[in-house]
Amino acid sequence: PGDYAAFEIIDSKTKVKANFDGDKLTGVKYDTYFLSGLTEQHKNENYFSKDRLNELSKMQSKQIKGEMRDVIKASQEMKTDCIELGKMIRMKHPIKWEKINDKWNEIYPELKIEVSVRSEIARSYTIVEPNGYKDGD
């Protein structure tokens, strides 16, 4: 109890890079960056030191990366491209897409998909010190 922090995503960007060997799709990489703000804190610990904010950024990056991986894995296991990866590849590589389009339902479940996530905590609204926090206690 009491060990809780809430973050709000302020901005995010995801780049999707398809890797081809000739006309063969060999893998895809999601590269995600997001900016967040600390909106709530329920712990008597100062979260506002540079080291603690860096640690929190790493924790939220790991959390989002895990969630993205889980969605991708479930989608591949169900053999349905509900994340619309094929659509993104078609838009960026229309000529290469035409060569794999007919086999997409076979390619997608076996495709190697990597995820990279980086986050940054940009602001903390009006929180400057947690309730009950006393330096040195």
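Residues numbered from 1 in each chain as written. Predicted model: local features only at pLDDT ≥ 70, side-chain atom pairs only at ≥ 80, totals over all residues. Heavy atoms only, no water.

## A short note on the pattern of salt bridges
- Overall, the coordinates contain five salt bridges when judged by the stated rule.
- Among the salt bridges present, the one from Asp23 reaches Lys99, with a minimum N-O distance of 3.0 Å. With Asp23 in the loop between strand S1 (5-21) and strand S2 (24-41) and Lys99 in helix H3 (residues 94-100), the pair connects residues that are 76 residues apart, well separated along the chain.
- On the accessibility criterion, Asp23 (37% relative accessible area) is partly exposed.
- Residue Glu77 is joined to Lys73 by a salt bridge in which the shortest nitrogen-to-oxygen separation is 4.0 Å. Of this pair, Glu77 and Lys73 both sit in helix H1 (residues 50-77), four residues apart, which is roughly one turn of that helix. In this structure, Glu77 and Lys73 share a single accessibility class: exposed. (Salt bridge = Lys/Arg side-chain N within 4 Å of Asp/Glu carboxyl O. Helix = DSSP H or I, 4+ residues; strand = E, 2+ residues; numbered from the N terminus. Buried < 20%, exposed > 50% of the residue type's maximum accessible area, 1.4 Å probe, protein only.)

## Here we look at the nonpolar core
- Formed by 20 residues in total, the largest nonpolar core has its most connected members in Leu25, Val28, Tyr30, Leu85, Ile89, Trp104 and Ile113.
- If you list the elements that add at least two residues to this core, you get S1, S2, H1, helix H2 (85-92), H3, helix H4 (104-110) and strand S3 (113-123).
- It is S2 that provides the largest number of residues to this core, a total of four residues.
- Discounting chain neighbours no more than four positions away, the residues touching Leu85 are Val16, Val28, Tyr30, Trp104, Tyr108, Leu111 and Ile113. (Core = buried A, V, L, I, M, F, W, Y, C linked by side-chain atoms within 4.5 Å. Contact = heavy atoms within 4.5 Å.)

## Observations concerning the environment of Ser75
- Examined against the element boundaries, Ser75 turns out to sit in helix H1.
- Residue Ser75 is classed as buried on the basis of its relative accessible area of 0%.
- Distance in space between the C-alpha atoms of Ser75 and Tyr108 is 9.2 Å, their sequence separation being 33 residues.
- Dropping the residues within four chain positions of it, Ser75 is found in contact with Thr80, Asp81, Cys82, Ile83 and Tyr108.

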